[in-house]
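Notes for the structure review
Okay, here's what each chain looks like letter by letter:
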Amino acid sequence: MKGTHKKVCLLLIMVLICSLSACSSESSDDSKVSKEAEAEKENVEIKVKEISLAGKEEYTETADVTYLKGEQEEKATLLFTHNSDGLVTKVEPAG
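Regarding its fold elements, the chain presents 2 helices and 4 strands. Traced from its N-terminal end to its C-terminal end, the chain shows the element sequence α-α-β-β-β-β. Per-residue burial for the chain yields a buried fraction of 24% across its 95 residues. When the accessible area of the chain is evaluated, it comes to approximately 6700 Å², of which 50% is carbon and sulfur surface.

Okay, here's the thing in structure tokens:
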């Protein structure tokens, strides 16, 4: 994977992880964004710790991503779709 393309993929992973965090942080009052807003307000840093290939097909790859949200380690499984040139065209939660 070329350097610039790899950086774009990592950026897409970070954006998706932030989106997943917002969606999975429902509170008892069904406010989906409340915890994510708190994290942003408190300046919580999100870092990708590890990416491992879980599966590969002709135009898709599934990756298990371990990341740190502040001090807390979390995991997500992402589906990468790529074109015939091998460039990633979409990243989304697997499943």
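We now examine the pattern of salt bridges. In total, this model carries 3 salt bridges according to the counting rule given. Notably, a salt bridge pairs Lys 49 with Glu 73, separated by 2.6 Å at the nearest N-O pair. Residue Lys 49 is found in strand E1 (residues 46–56), and its partner Glu 73 is found in strand E3 (residues 72–82); the two are separated by 24 residues along the sequence. Note on Glu 73: relative accessible area 41%, which makes it partly exposed. Lys 56 is the partner of Glu 61 in a salt bridge, and the nearest nitrogen-oxygen pair spans 3.9 Å. Note on Glu 61: relative accessible area 26%, which makes it partly exposed.

This brings us to the pairing of E3. Pairing geometry for strand E2 (residues 60–69) and E3, over 10 bridges, is antiparallel. Paired with Thr 60 across the bridge in E3 is Thr 81. Pairing of E3 with strand E4 (residues 88–93) involves 5 bridges; the strand directions are antiparallel. Bridging across to E4, Phe 80 finds its partner in Val 91. As consecutive antiparallel partners, E3 and E4 are separated by 5 residues, and within that stretch Gly 86 has a phi angle of approximately 85°, a positive value.

Looking now at the sheet that holds E4. With antiparallel pairing, the 4 strands of this open sheet are ordered in space as E1-E2-E3-E4. What marks the edges here is a single partner per strand, and that holds for E1 and E4. The average undirected angle you get between the axes of adjacent strands in this sheet is 30°.

It is characteristic of soluble globular proteins that their nonpolar side chains tend to be buried jointly. Listed in full, the 10 residues of the largest apolar core are Ile 13, Ile 46, Ala 63, Val 65, Tyr 67, Ala 76, Leu 78, Phe 80, Val 88 and Val 91. Within the residue set of this core, elements represented by two or more residues are E2, E3 and E4.

Conventions used here
- Residues numbered from 1 in each chain as written.
- Predicted model: local features only at pLDDT ≥ 70, side-chain atom pairs only at ≥ 80, totals over all residues.
- Heavy atoms only, no water.
- Helix = DSSP H or I, 4+ residues; strand = E, 2+ residues; numbered from the N terminus.
- Buried < 20%, exposed > 50% of the residue type's maximum accessible area, 1.4 Å probe, protein only.
- Areas by Shrake-Rupley, 256 points an atom, 1.4 Å probe, with all protein chains shown as cover.
- Salt bridge = Lys/Arg side-chain N within 4 Å of Asp/Glu carboxyl O.
- Pairing = 2+ DSSP bridges.
- Axes fitted to C-alpha atoms, helices over the stretch in contact; angles between N-to-C directions.
- Core = buried A, V, L, I, M, F, W, Y, C linked by side-chain atoms within 4.5 Å.

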